[in-house]
Every structure is written in C-alpha cells, then in structure tokens.
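Now for the letters of each chain:
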Amino acid sequence: MPSVFPATSPCGDVGETRRVFMQWCEFQERDFPLDPTDKSWKDRFIPIFEEVVHPDVVLHGVPVEEPGRDGWLRFLLALGDNYPELETTFQLILVEGDLGAAYWTCEMTRLGADGELSTPIRSRGAHFDRISGGQIVEHWALIDQLDWLKQLGVVDESVGL
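Owing to the predicted nature of the structure, the values given are computational and were not obtained by experimental measurement.

Thresholds applied
Numbers given to residues run from 1 along each chain, matching the order in which its sequence is written. Given that this is a predicted model, residues contribute local features only at a pLDDT of at least 70 and side-chain atom pairs are listed and counted only at 80 or more, while totals for whole chains, interfaces and linings are drawn from all residues. Here the side-chain values reflect all heavy atoms present in the structure, with hydrogen atoms and water set aside. Between the rings of Phe, Tyr and Trp (Trp by its six-membered ring), a pair exists once the centres lie within 6.5 Å; its type follows the angle of the planes, with under 30 degrees stacked, over 60 edge-to-face, and the other angles tilted. Working definition: helices are DSSP H or I runs of at least four residues, strands are E runs of at least two. Numbering for both runs from the N terminus. When accessible area is computed with a 1.4 Å probe and restricted to protein chains, residues below 20% of their type maximum are described as buried, those above 50% as exposed, and intermediate ones as partly exposed. Residue types Ala, Val, Leu, Ile, Met, Phe, Trp, Tyr and Cys, when buried and joined through side-chain atoms within 4.5 Å, form a set referred to as a nonpolar core. In this description, contact between two residues means that some pair of their heavy atoms is separated by no more than 4.5 Å. A pair of strands is labelled paired if DSSP reports no fewer than 2 bridges between them. For helices, the axis comes from a line fit to the C-alpha atoms of the stretch in contact; other axes are also lines fit to C-alpha atoms, and the angle between any two N-to-C directions lies between 0 and 180 degrees. Take a side-chain nitrogen of Lys or Arg and a carboxyl oxygen of Asp or Glu: if they are within 4 Å of each other, that pair is a salt bridge.

This part covers the packing of aromatic side chains. The description of an aromatic ring pair uses the distance of the two centres, along with the angle that the planes make with each other. Within the structure shown, the criterion is met by nine aromatic pairs. Geometrically, the ring pair formed by Trp 24 and Trp 72 is edge-to-face, given 5.7 Å between the ring centres and 65 degrees between the ring planes. Of this pair, Trp 24 sits in helix H1 (residues 14-31) while Trp 72 sits in helix H3 (residues 68-82), and the two are 48 residues apart along the sequence. The exposure class assigned to Trp 24 is buried, which follows from its relative accessible area of 2%. For Trp 72, a relative accessible area of 3% puts it in the buried group. Among the aromatic side chains, those forming a connected cluster through ring pairs are Trp 24, Phe 27, Trp 41, Phe 45, Phe 49 and Trp 72.

The next thing to look at is the nonpolar core. In this structure, Trp 24, Phe 45, Phe 49 and Trp 72 are the most contacted members of the largest nonpolar core, which totals 32 residues. Elements supplying a minimum of two residues to this core: H1, helix H2 (41-52), strand S1 (53-60), H3, strand S2 (85-96), strand S3 (99-111), strand S4 (117-132) and strand S5 (135-143). Discounting residues that sit within four places of it in the chain, Trp 24 has contacts with Phe 45, Phe 49, Val 52, Trp 72, Leu 76, His 127, Asp 129 and Ile 136.

For the rest of this paragraph, the subject is the sheet that holds S1. Read from one edge to the other, the open sheet built from five strands follows the order S1-S5-S4-S3-S2, with strand pairing classed as mixed. The open sheet has two edge strands with one neighbour each: S1 and S2. Averaged over all pairs of adjacent strands, the angle between their axes in this sheet comes to 25 degrees, without regard to strand direction. Both S2 and S3 contribute to a ladder of 11 bridges, which runs antiparallel. Residue pairing in the sheet places Val 95 in a bridge with Gly 100 of S3. Packing against the sheet, H2 makes contact with S1 and S5, and its axis sits at approximately 80 degrees to S1. With respect to the sheet, H3 is in contact with S1, S2, S3 and S5, its orientation differing from that of S1 by roughly 75 degrees.

Moving on, we come to the pattern of salt bridges. The full count for this structure, using the stated rule, is six salt bridges. Notably, a salt bridge pairs Glu 107 with Arg 122, separated by 3.5 Å at the nearest N-O pair. Residue Glu 107 is located in strand S3, and its partner Arg 122 is located in strand S4; the two are separated by 15 residues in the primary sequence. Salt-bridge contacts for Glu 138 lead to Arg 130; the nearest nitrogen and oxygen are separated by 3.3 Å. It is possible to trace a salt-bridge network through shared partners that takes in Asp 98, Arg 130 and Glu 138.

Shown next as structure tokens:
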C-alpha cells in the first residue's frame, strides 16, 4: 500500500508560530489549576485562551460537545474543575513553519464525588497546533486514554493494546 503524505508542507512565519505556540504551552504549564481551592485560574485562563485560539478552531481528538473555541474552552474548564490539582510538564517542543508539536506529561488529582481529592493520575500525550494570524486554527490531541482509564479503575490493569 503506498504512503499518503499531506498535500502541503508546513509553511508560514515560524517566528509567529513559535511565539503563539510557546505562549500556549507556557501558559498551560504555569497557570492551569494547582490548588483545588483557587478558582482564580479561570480568570487568567479565559483571556489567554481567547487570545491564542481562533473562534472557529478545528479540533481533532478532543471530546467536545460542540465544535470550535467555545466547545474546547468548556471542555478545558470542566477538566480543571474535575482535576483541580493539575501540572503539565513539556518534554519536547518542536516548531516548523505554521505547525507546533509538543510531547508532555500531566500529573493531576481527580476530585471525588464527595468534593475531596481522590485519585492521582499521570497521563502522557502530545498535541499539534496549526497557527495562522497569531492564533491556533487547528488542534490535534493524542492522549493515552487507556492508561488514564486504568488509573481511574474503569479498565482492568491487565487490558493492553
């Protein structure tokens, strides 16, 4: 079977891509919730998110209820509410043309039904963003969901791929 490559190669202003992508990554590493009692992270998160994400962003691999920036924002705010201790560490960041790519590890603690912190989760993943006009216009997310479900106890540890 022949390989299929994208019709175009990355293009665009790598300087602009690097600026926007790094702003997005640094923000996630620094300002997502670290303290379950501190809800002020949302006041910092929303303006930066709206600045760097295009309203009609195309999402791949993000379980949103509605497309675009509003759906992605609601998803991320719910993630922060349900995992109020959340720290992202980026191991690898690459920028080429109009594309940014990052490999990361996220450590978080799930909020239980009783309102107490319950389950620590360590997740690995990668995301890729296409930048245009100073904003993310397309986003791909790859997350080790099976490992996440195992840590939550939803899937038996013996299950593998």
